[in-house]
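Residue strings, one per chain:
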Amino acid sequence: MKKQFIAIGIAGMALVGLMIYFGINIGPAKIGFKTLPEDKVPRAIEAELMPEYREMERAFACRVDDKVYVVVTRGNKPTSGFEVAVNKLELTSENNKSKLTVFATFADPENPEKLAQVECFPYTVTETELTGLPDTIQLKVDYAK
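The structure reproduced in this document is the subject of the present report. Just so it is clear, the model here is predicted, and its values are computed rather than measured.

Rules used in this analysis
- Residues numbered from 1 in each chain as written.
- Predicted model: local features only at pLDDT ≥ 70, side-chain atom pairs only at ≥ 80, totals over all residues.
- Heavy atoms only, no water.
- Helix = DSSP H or I, 4+ residues; strand = E, 2+ residues; numbered from the N terminus.
- Contact = heavy atoms within 4.5 Å.
- Areas by Shrake-Rupley, 256 points an atom, 1.4 Å probe, with all protein chains shown as cover.
- Buried < 20%, exposed > 50% of the residue type's maximum accessible area, 1.4 Å probe, protein only.
- Polar contact = N/O pair within 3.5 Å; in protein donor to acceptor, adjacent residues only side chain to side chain.
- Core = buried A, V, L, I, M, F, W, Y, C linked by side-chain atoms within 4.5 Å.
- Pairing = 2+ DSSP bridges.
- Axes fitted to C-alpha atoms, helices over the stretch in contact; angles between N-to-C directions.
- Salt bridge = Lys/Arg side-chain N within 4 Å of Asp/Glu carboxyl O.

A few words now on the overall build of the protein chain. A count of helices and strands for the protein chain gives two helices and eight strands. Each helix (α) and strand (β) of the protein chain, taken in turn from the N terminus, gives the series α-β-β-α-β-β-β-β-β-β. Long-range pairs, those at least 24 residues apart, make up 70% of the contacts in the protein chain between residues at least 6 apart in sequence. Looking at the protein chain as shown, the accessible area adds up to about 9700 Å², and 54% of this sits on carbon and sulfur atoms.

Below, the structure written as structure tokens:
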């Protein structure tokens with residue numbers, strides 16, 4: 001009986017070792033984050049990064065003052081009322097490359113023709129618990145109904 005437990009333990013350790021060696025993904029890690037109000041967004045993000053990315057619909061990560069932020073932008077919209085919210089962040093690793101998946105919800109105004117016709121660039125900024133920047137980022141969007 002004791003030999004069986006030892007054999008199972010050795011086989012388990014060998015399997016884990018192979019998974020680590022080959023970079024096999026054993027599931028996504030949920031990353032903690034908090035959404036920042038506009039007045040708490042670091043100035044470097046607003047001044048240096050948003051002008052470059054605000055017209056795109058995408059997610060990107062950046063490091064400011066030793067913190068990692070994830071920003072989701074919706075691009076150029078013709079009226080106010082368009083919204084974006086981050087719901088979840090998941091980090092996976094395969095072949096020693098990290099991938100952050102950003103799950104977001106986009107909401108459109110119900111009657112955009114009744115809103116002020118002014119150019120808007122909706123976005124949201126989250127402060128994450130990440131300690132480094134991921135190698136790639138994927139944005140998965142759900143549209144609110």
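Attention shifts here to the side chain of threonine 128. Within the element layout of this structure, threonine 128 appears in strand E7 (residues 123-128). You can call threonine 128 buried: its relative accessible area is 9%. Engagement of the side chain of threonine 128 in a polar contact is seen with the backbone oxygen of valine 68, the distance being 2.9 Å. In terms of polar contacts, threonine 128 uses its side chain to reach the backbone amide nitrogen of leucine 130, at 3.1 Å. Excluding residues that lie within four positions of it along the chain, threonine 128 makes contacts with Ile31, Gly32, Phe33, Val68, Val70 and Leu89.

Turning next to the nonpolar core. Formed by 13 residues in total, the largest nonpolar core has its most connected members in Val72, Leu89, Leu100 and Val102. Counting residues per element, the ones that place at least two in this core are strand E4 (67-74), strand E5 (83-94) and strand E6 (97-107). Per element, the largest residue contribution to this core is four residues, and it comes from E6. Leave out the neighbours within four places in its chain, and leucine 89 touches Ala29, Lys30, Ile31, Phe33, Val70, Leu100, Thr101, Val102 and Thr128. Counting residues in each nonpolar core, the second largest holds 11 residues, with Ile45, Met50, Phe60 and Cys62 among its members.

Read from one edge to the other, the open sheet built from four strands follows the order E2-E7-E4-E3, with strand pairing classed as antiparallel. Single-partner strands in this sheet number two, and they are strand E2 (33-35) and strand E3 (57-64). Across the sheet, the axes of successive neighbouring strands diverge by a mean angle of 25°, strand direction being ignored. In this sheet, E4 lies alongside E3 in antiparallel orientation, the contact comprising eight bridges. Looking at E4, one finds that alanine 59 is bridged to valine 72. In the packing of helix H2 (residues 43-53) onto the sheet, the strands contacted are E3, E4 and E7, and the crossing angle to E3 comes to about 150°.

Next up on the list: the pattern of salt bridges. A complete count under the given rule lists three salt bridges for this structure. In this structure, glutamate 127 engages lysine 67 in a salt bridge whose closest nitrogen and oxygen atoms are separated by 3.7 Å. With glutamate 127 in strand E7 and lysine 67 in strand E4, the pair connects residues that are 60 residues apart, well separated along the chain. Residue glutamate 127 is classed as buried on the basis of its relative accessible area, which comes to 17%. Given a relative accessible area of 39%, lysine 67 falls into the partly exposed group. A salt bridge links aspartate 108 to arginine 74; the shortest N-O distance between them is 2.8 Å. A residue pair is termed long-range when its members are at least 10 positions apart, and aspartate 108 in the loop between E6 and E7 and arginine 74 in strand E4 qualify at 34 residues.

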